[in-house]
Amino acid sequence: MMFSTETSCWFIRKVICWRATASIAWSVLLLPPTTAVFVILSRFSLFHPFQTISECLSLLMSASSVFSLILLGGVIIMAGFLTLEYYTVIPTIACSKIALLGQLLHPRQFINSLAHCLMGIIVGWCCAITIGCRYEMLGYPCKNSDGYPQMCVNEYHLIILLAGAFVGFSHSLLGVIHNINYISFQTVQQYKYFRFKGSLPLVVMCSATQAFYSIKNYVVLYFFLGYIPRAWICKTLNLHLDSSIHPLDSIAGLLDLSLLYHLWISATFLLFTWYITLLLFRIFVTEVYTFPVQSSFTEDSHQCLPKVITEKQPMILKFLALQDLALLSQHSPSRRSEVFSLSQPGGHPHNWNAISKECLALLADLTQRLVAYHETVATNGRAKTLSNGSERKISSETSSTEDMMSPRPTFLMKTPTSVFARSVGRSSQSPLTIPFTPDLDSPFASPALRRLAAAPEQGSPWHGSVQSPHVMRKAPKLWSTSTADSLFNGSPEPTPASVPSPKKEATKPSFLVQFLQNRKEQLPEASSQALFADSQAHIWALEGLSYLVQASFTEDQFGVVQTTLPSILSSMLLLQEAVDRHFKLPHASSKPVRSTSTMGDSTYKTLRFALRATLKTALYRITTTFGDHLKAVEMSAEHRKRLQQFLEYKE
């Protein structure tokens, strides 16, 4: 069910659009001082410093500079609009190389790349006009070999225009690879000014570093292919080549330190303006928003926290609501009392019921995803149906949690689709999905892969649950249900060893099929990151629940929390068991190194570690508050044993 129109309108109109507009306005206001710094750096001379400053001041007051600022302001507005259009709070993680290629070739990404190329050309033209001298005009008068006047192409102007397009295109592609459109939320709340001030050195460093590598690649590309756009421009605009100077697609032409410096400083200016726009957008959009817990007016009830927290779209609304829940549960006793309050008339804890149900549903969602992931890895990436015993175990452990919830869809927050490839379960409509299952319906799947991944027969000794990947390498079973039935019935069934092999050998896949199949091999580290891509929501749900339960020990006058305490503890213990099993996998326990040379936010790579720490802290927060009182809480023997470890500080 999609997000209601009424709620979408009020939140987008009153919150997101205004915040995005404010971030773009500040980016435009910062454009004049940024341009002034660029002018000084592009024209500065060590031998004539005062003359350079005087020329820069006169240039900034000229009509051409004003026109350039207007164009740059339009580019900033366009960049802010693209950021608003493409931003996400859940990163899209490609679990294989072919999936990453699919993201880069997506039509939506093509439009984004084209827009950045056009914006790069506009900024390159403004930089060429600002630097002046030999970069100012695309054409200039010259004479041919016979002495007749003609118009020649100014390759110095052209190379800056093409550099802007190349840097814009590279920036767009790197944005997909590094998830530059992903915005994360700060753990420690800061004022906007201090966040901007603290991130400014990173913006400068990332802009200069990426500009250096982009220009390096651009120079190499121009050396080999620069004649193509130059010939096209000459033919289109009826311009000629000046034979008296070296063409720039040569070693002599590119070994111009002044040219290389101006290319690099122009690319740095381009990326800096875009990164400032992105940084301000992140700061404004992720600012804390306070939702009312309850309202005296019925028409405003859709804006209250218990209602907003259950919405699915837009995801920024759900994340801001969960962030507000985590903050109020820690720092606002007056708002906590509204959560614990009863409705009048009727005396029902509607606020607490709505909030706790949504948080428990989020925890149950992540638990089931982890169970499905572990079952897949345990079977070497082969899809398997859960056995009856496994289903009974899971259903018995989650029965107390399900009693807490009203009938609703199992998954309230979808994991990014790049995590999973196929469905698992008894029917094709099962919500559980598997990260490591090969796509057998793909035309690139080899016949051997289809035979290996085919579902085993009911009587096969390979049928059933496999608990370890090492089991697949053991010898065939000597005794099974099928062999016993065959002995008593007198009709032996063929075993895997006795099945005659087909006479005709399988056709060997072509080189292209093998290449694409290898590219589809999934990366375990990326799959684990994608599994926890939305875990910031679960972290806030854990913090909100645990702090509210802790506060209820002294603040809950009506005992509304005590009725759901068994479900909360069971959900947390089930999730911890699933998380502990996941971290026993080799690829899950290795913490990736954060990159400091890109503006892409890499905090999603360590969300699983933050979730594990938050989960353990939440359980300790509850056990230290209630102590031995928890022994009276109804739960299974296994959970009681696990909870005792927390009471004794042994976890």
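Residues numbered from 1 in each chain as written. Predicted model: local features only at pLDDT ≥ 70, side-chain atom pairs only at ≥ 80, totals over all residues. Heavy atoms only, no water.

An unreviewed UniProt entry lists the chain under the name Nucleoporin NDC1, from Austrofundulus limnaeus. A UniProt comment under Sequence similarities (unreviewed entry) is attached to the chain, and it reads "Belongs to the NDC1 family." (UniProt positions renumbered as here; feature names shortened; annotations may be inferred.)

### Describing the environment of Val549
Along the chain, Val549 turns up in helix H22 (residues 535–555). The class of Val549 is buried, set by a relative accessible area of 0%. Measuring from C-alpha to C-alpha, the distance between Val549 and Ile568 comes to 9.1 Å, with 19 residues separating the pair along the chain. In this view, Val549 contacts Val561, Leu565, Ile568, Ile622 and Phe626; residues no more than four positions away in its chain are not counted. (Helix = DSSP H or I, 4+ residues; strand = E, 2+ residues; numbered from the N terminus. Buried < 20%, exposed > 50% of the residue type's maximum accessible area, 1.4 Å probe, protein only. Contact = heavy atoms within 4.5 Å.)

### Examining empty space enclosed by the protein
Here the structure, examined in full by the defined rule, presents 5 cavities of 30 Å³ or more. If you add up the space inside the largest cavity, you get close to 210 Å³. The wall of the largest cavity is formed by 17 residues, among which Thr83, His116, His171, Ile180 and Asn181 lie closest to the centre. Those elements giving two or more residues to the lining of the largest cavity turn out to be helix H4 (63–86), helix H6 (107–131), helix H7 (155–177) and helix H11 (257–285). Here the lining of the largest cavity is composed, by residue class, of 8 nonpolar, 9 polar and no charged. (1 Å grid on protein atoms, 1.4 Å probe; cavity = no way out; pocket = protein on both sides within 12 Å on 5 of 7 lines; lining within 4 Å. Points joined across faces, edges and corners; volume = space filled by probe spheres on them. Nonpolar A, V, L, I, M, F, W, Y, C, P; charged D, E, K, R; others polar.)

### As for the pairing of strand E2 (residues 149–153)
When strand E1 (residues 139–143) meets E2, the two strands line up antiparallel, connected through 5 bridges. Its bridge partner lying in E2, Lys143 is registered against Pro149. Hairpin connection, E1 to E2: the antiparallel pair is bridged by 5 residues, and Gly147 has positive phi, about 90°. (Pairing = 2+ DSSP bridges.)

### Some details on the packing of aromatic side chains
Applying the stated criterion to the full structure yields 23 aromatic pairs. Judged by centre distance (5.4 Å) and plane angle (70°), the rings of Tyr193 and Phe194 are edge-to-face. For Tyr193, a relative accessible area of 54% puts it in the exposed group. An angle of 65° between the planes, with centres 4.9 Å apart, marks the rings of Tyr620 and Phe646 as edge-to-face. With Tyr620 in helix H24 (residues 607–626) and Phe646 in helix H25 (residues 637–647), this pair connects stretches of sequence that are 26 residues apart. For the pair formed by Tyr620 and Phe646, the shared burial category is buried. Within the aromatic cluster, the residues linked to one another by ring pairs are Phe11, Tyr289 and Phe291. Above the face of the Tyr86 ring, Arg108 is positioned so that its terminal group lies 4.3 Å from the ring centre. (Phe/Tyr/Trp six-rings, centres within 6.5 Å; stacked < 30°, edge-to-face > 60°. Lys NZ or Arg CZ within 6 Å of the ring centre and 35° of its normal.)

### So, the state of the cysteines
Tallied over the full model, the rule gives 1 disulfide. A sulfur-sulfur distance of 1.7 Å marks the disulfide that ties Cys142 to Cys152. Taking the torsion about the S-S bond as the criterion, the Cys142 to Cys152 disulfide, at about 65°, is right-handed. With Cys142 in strand E1 and Cys152 in strand E2, the pair connects residues that are 10 residues apart, well separated along the chain. When its relative accessible area of 9% is taken as the criterion, Cys142 is described as buried. Residue Cys152 is classed as buried on the basis of its relative accessible area of 0%. Distance from the sulfur of Cys234, which forms no disulfide, to the nearest cysteine sulfur (Cys152) is 8.5 Å. (Disulfide = S-S within 2.5 Å.)

### Quick look at the environment of Ile622
Along the chain, Ile622 falls in helix H24. Given the relative accessible area of 0%, Ile622 is considered buried. With 69 residues separating them along the chain, Ile622 and Phe553 place their C-alpha atoms 9.6 Å apart. Setting aside its immediate chain neighbours within four residues, Ile622 contacts Ser546, Val549, Leu569, Met572, Gly627 and Leu630.

### A closer look at a nonpolar patch on the surface
A cluster of nonpolar side chains, contributed by Val220, Leu221, Phe223, Phe224, Leu225, Tyr227, Ile228, Ile251 and Leu255, occupies part of the molecular surface with about 890 Å² of accessible area. When residues in the nonpolar patch are grouped by element, the largest group, 5 residues, is from helix H8 (residues 192–225). Here Leu221 is to be found in helix H8. On the accessibility criterion, Leu221 (39% relative accessible area) is partly exposed. (Patch = residues over 30% accessible without salt bridge, like charges linked within 9 Å, V, L, I, M, F, W, Y side chains within 5 Å. Areas by Shrake-Rupley, 256 points an atom, 1.4 Å probe, with all protein chains shown as cover. Salt bridge = Lys/Arg side-chain N within 4 Å of Asp/Glu carboxyl O.)

### Here's the deal with unusual backbone geometry
At the junction of Gln313 and Pro314, the peptide bond is cis and its omega measures out at -10° in the coordinates. Inspection of the secondary structure assignment puts Pro314 in the loop between helix H12 (305–308) and helix H13 (315–331). Located in the positive-phi region is Cys133, a residue other than glycine, with phi close to 55°. The topology assignment puts Cys133 in the loop between H6 and E1. You can call Cys133 exposed: its relative accessible area is 68%. In the Ramachandran plot, Asn238 falls in the positive-phi region, its phi being about 60° despite a non-glycine side chain.

### Some words on the confidence of the model for the chain
A residue-level look at the chain finds 76% of positions with pLDDT of 70 or above and a mean pLDDT of 79. Of all helices and strands in the chain, the one with the weakest mean pLDDT is strand E3 (residues 422–423) (34), whereas H11 scores best (96). Scored below 50 in pLDDT, residues 1–7 shows 13 contacts in the model against residues more than four places distant or in partner chains. Across residues 382–501, confidence stays below pLDDT 50; counting only partners more than four residues off in sequence or on other chains, it has 171 contacts. (pLDDT = per-residue confidence, 0-100.)

### Description of the environment of Asn154
Residue position: Asn154 is located in the loop between E2 and H7. For Asn154, a relative accessible area of 9% translates into the label buried. Setting aside anything within four residues of it in sequence, one finds Asn154 in contact with Arg134, Tyr135, Glu136, Met137, Leu138, Gly139 and Tyr140. Here the side chain of Asn154 touches Arg134 through a polar contact of 2.6 Å, landing on its backbone oxygen. (Polar contact = N/O pair within 3.5 Å; in protein donor to acceptor, adjacent residues only side chain to side chain.)

### Some words on the packing of H13 against H22
Between H13 and H22, the least distance of the axes is 8 Å, while the angle of their chain directions is 30°. In terms of their interaxial angle, H13 and H22 are classed as roughly parallel. You can see that H13 and H22 cross each other, and the crossing is left-handed. Facing Phe319, Leu322, Gln323, Leu325, Ala326, Ser329 and Gln330 of H13, the residues of H22 in contact are Gln536, Ala537, Trp540, Glu543, Gly544, Tyr547 and Leu548. (Axes fitted to C-alpha atoms, helices over the stretch in contact; angles between N-to-C directions. Parallel < 35°, antiparallel > 145°, perpendicular 65-115°, else oblique. Left-handed = near helix turned anticlockwise from the far one by under 90°.)

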